[in-house]
Amino acid sequence: MNKKLTTQDWLRISERFEPGCMNWQAPVVWDRAQGAEIWDVEGKHYFDWTSGVLVTNVGHAHPRLAAAISEQAHRLLNTFDFPTPQRLALAEKLIAAMPPHLSKVIFMTTGAEAMDASLRIARRYTQKFEIVAFWGGFHGRSYGPMSVTGLAKIKRHFGPMVPGTILAPYPYCYRCPFEKNYPECDLFCLTFLDRVVEAESSGSLAAVIVEPYQGTAGFVFPPSGYLKRLEEWTKKRGLVFILDEVQSSYGRTGKMWAFEHENLEPDILCLGKGIGSGAPIAAVVSTPEIFGCLGPGEMSSTMGGNPLSCAGALAVLEIIAEERLVEKAATNGEYLKSLLLRLKDKFSFIGDVRGMGLVYGIEFVKDRTTKEPAPDLAKEIVLRCVSNGLMCGKLGIYGNVMRVAPPLVITPDQIDQSTKILEKVLDQIHHS
Ligand SMILES: Cc1ncc(COP(=O)(O)O)c(C=O)c1O
């Protein structure tokens, strides 16, 4: 690679050859990264609060992950559906980490592919087609997952969606659509779900699909108890409960699986992102009974379960266990949370800080009382943080939420240093 090119040179190449449809990012061209730190093509250093996009849970370029991938690259790259020791060892190890009922797994390449597979399985298994999904939910950009996504801007002008989606409000408590307060509301949104279904279902309900917390909507965490009650609602009606843990798993929330926080028992669990920590792999985990609805040749994917990604994903599981990354995410996450909450007390333009483990959203508002979203301010803060050496991004239904999701290997000292950068920027904004 030509190291002499500057950031601006690279960005001109991007503008010339790339379509500009990807997510907005601060103008940085990454060159290399290690653990929770990044260096750009000009050698500038950053602390990482992105993990790519909640992908590199074991840290960037973990030497053991890199070695596993590199060794595998010299041995065997693709067999299509022929089994390999890497795929089978990964399946065995992943299933060993699951609750007993989830005892079968098929590997895919992307989160969207896994979500799409889960929808197809639920429809085949139930022989019904309606999927209950949620406002603010995001499940990927191919037509199946996009159709059950509850974000209008993701679907805008892409024509008719796959029929059968029933969208219901998600408990975005900071902006409750019913203007109620938890816990007095007694989760009115769940009562309302009955009304939605009553009004919209043609009598062909197949499944409920939900994220343990909504990432793309702006790290929206449901109040405790909501997911368990939703699961009960689902099971009472004999529907398939699909949990989208594409971004919430692999230690991100301070537990290996986010479902552990509420002892959920999903019928289908979808994994992605952190499962390969950079190796492109995703997975659908379910019961033998549910997978039993598929016959030979009915679900498969050219790159799914390829030996390269499986060797990487196997190394990821080993690293997580040996380095106790789940426990670290929980304890270091508590520390990070305390610092972020301190910033919330200090700056009135922070409307909300929410999250757990090592995933937080900082929601910026123009006014704490009206809660009017401040997307331009969020953008300005992200740009200033990046130019001060903190890699971060923004997202959310209103584009006003800063994403705080460092690799799980971040140390307390790195948490201190990176939070100080944010505080310095917020001080500047406050005084400007
Ligand atoms: C919860 C969730 N589901 C599914 C996806 C889609 O994953 P991918 O981009 O790998 O297709 C994402 C990606 O951001 C996600 O956050």
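What you are looking at is a predicted structure, and each value in this text was computed from that prediction instead of being measured.

Enquirer: Any details on the packing of helix 4 (residues 85-96) against helix 11 (residues 307-322)? Residues and values, ideally.
Expert: Relative placement of two packed helices is described by the angle separating their axes and the distance separating the axes. Direction vectors running N to C along helix 4 and helix 11 enclose 35 degrees, while the axes themselves pass 8 Å from each other. Pair helix 4 / helix 11 crosses with left-handed handedness. Side by side, helix 4 and helix 11 meet where Gln86, Arg87, Ala89, Leu90, Lys93 and Leu94 of the first sit next to Pro307, Cys310, Ala311, Ala313, Leu314, Leu317 and Glu318 of the second. The residue makeup of the contact of helix 4 with helix 11, split by class, is 9 nonpolar, 1 polar and 3 charged.

Enquirer: Describe the state of the cysteines, listing the residues and the values that go with them.
Expert: Taken as a whole and judged by the stated rule, the model has 0 disulfides. Just so you know, Cys176 is unpaired, no disulfide at all, and the nearest cysteine sulfur is the one on Cys185, 6.5 Å from it. The closest cysteine sulfur to the non-disulfide-bonded Cys385 is located on Cys392, 4.4 Å from its own sulfur. Residue classification places Cys385 among the buried residues on the basis of a relative accessible area of 0%.

Enquirer: Can you explain the packing of helix 8 (residues 188-200) against helix 9 (residues 226-236)? Please cite residues and give values.
Expert: Put simply, helix 8 and helix 9 touch, their axes get as near as 10 Å, and they point 30 degrees apart. Put simply, helix 8 runs roughly parallel to helix 9. Where helix 8 crosses over helix 9, the two elements pack in a sense that is right-handed. Contacts from Cys189, Leu190, Leu193, Asp194 and Val197 in helix 8 reach Tyr226, Arg229, Leu230 and Trp233 in helix 9. Of the residues that constitute the contact of helix 8 with helix 9, the class distribution is 7 nonpolar, no polar and 2 charged.

Enquirer: Give a detailed account of the site of the ligand, specifying residues and quantitative values.
Expert: Within the structure, the ligand sits among Thr110, Gly111, Ala112, Phe138, His139, Gly140, Glu211, Asp244, Val246, Gln247 and Lys273. Here an oxygen atom of the ligand sits 3.0 Å away from a polar atom, N or O, in the side chain of Gln247. Lys273 is positioned with one of its side-chain polar atoms (N or O) 2.8 Å from an oxygen atom of the ligand. The fraction of the free accessible surface of the ligand (390 Å²) that becomes covered by protein chains is 80%. Along the lines of polarity and charge, the residues of the shell around the ligand split into 3 nonpolar, 5 polar and 3 charged.

Enquirer: For the pattern of salt bridges, give the residues involved together with the corresponding values.
Expert: The tally for this structure, following the rule as stated, stands at 18 salt bridges. Two residues, Arg124 and Glu298, come together in a salt bridge whose shortest N-O distance is 2.6 Å. With a gap of 174 residues between them, Arg124 in helix 5 (residues 111-126) and Glu298 in the loop between helix 10 (288-291) and helix 11 connect regions that are remote in the sequence. For Arg124, a relative accessible area of 33% corresponds to the partly exposed category. Glu231 is the salt-bridge partner of Lys228, the closest N and O atoms lying 2.9 Å from each other. Linking Lys228 with Glu231, this pair stays in helix 9, spanning 3 residues, or about one helical turn.

Enquirer: Report on the packing of aromatic side chains, specifying residues and quantitative values.
Expert: The tally for this structure, following the rule as stated, stands at 11 aromatic pairs. On the basis of an interplanar angle of 70 degrees and a centroid distance of 5.9 Å, the ring pair of Tyr170 and Tyr226 is categorised as edge-to-face. Pair noted here: Tyr170 is in the loop between strand 6 (165-168) and helix 8 and Tyr226 is in helix 9, with a separation of 56 residues, a long-range link. Residues Tyr170 and Tyr226 agree in their burial class; the two are buried. Arranged with centres 5.5 Å apart and planes meeting at 35 degrees, the rings of Phe347 and Phe349 form a pair that is tilted. Taking relative accessible area as the criterion, Phe347 reaches 1% and is therefore assigned buried. Counting every residue linked through ring pairs, the aromatic cluster contains Phe134, Tyr170 and Tyr226.

Enquirer: Describe the pairing of strand 6, and please don't skip the residues or the numbers.
Expert: On strand 6, burial follows the alternation: Ile166 and Ala168 on one face are buried, whereas Thr165 and Leu167 on the facing-out side are not. Of the strand pairs in this sheet, strand 5 (residues 130-134) and strand 6 are connected by 4 bridges, and their pairing is parallel. In the sheet register, Val132 faces strand 6, and the bridge partner there is Ile166.

Enquirer: Run through the sheet that holds strand 12 (residues 359-364), naming residues and quoting values.
Expert: Strand pairing in a sheet is mediated by backbone hydrogen bonds. Such pairs are either parallel or antiparallel. Strand order in the open sheet made by the 4 strands is 11-12-15-14, with antiparallel pairing throughout. Among the strands making up the open sheet, the edge pair consists of strand 11 (350-356) and strand 14 (393-395). Within this sheet the neighbouring strands show an average axis-to-axis angle of 30 degrees, counted without direction. Where strand 11 meets strand 12, 6 bridges bridge the pair, whose relative direction is antiparallel. Paired with Ile350 across the bridge in strand 12 is Phe364.

The rules behind these values
Residues numbered from 1 in each chain as written. Predicted model: local features only at pLDDT ≥ 70, side-chain atom pairs only at ≥ 80, totals over all residues. Heavy atoms only, no water. Axes fitted to C-alpha atoms, helices over the stretch in contact; angles between N-to-C directions. Helix = DSSP H or I, 4+ residues; strand = E, 2+ residues; numbered from the N terminus. Left-handed = near helix turned anticlockwise from the far one by under 90°. Contact = heavy atoms within 4.5 Å. Nonpolar A, V, L, I, M, F, W, Y, C, P; charged D, E, K, R; others polar. Disulfide = S-S within 2.5 Å. Buried < 20%, exposed > 50% of the residue type's maximum accessible area, 1.4 Å probe, protein only. Parallel < 35°, antiparallel > 145°, perpendicular 65-115°, else oblique. Near = heavy atom within 4 Å. Polar contact = N/O pair within 3.5 Å; in protein donor to acceptor, adjacent residues only side chain to side chain. Areas by Shrake-Rupley, 256 points an atom, 1.4 Å probe, with all protein chains shown as cover. Salt bridge = Lys/Arg side-chain N within 4 Å of Asp/Glu carboxyl O. Phe/Tyr/Trp six-rings, centres within 6.5 Å; stacked < 30°, edge-to-face > 60°. Pairing = 2+ DSSP bridges.

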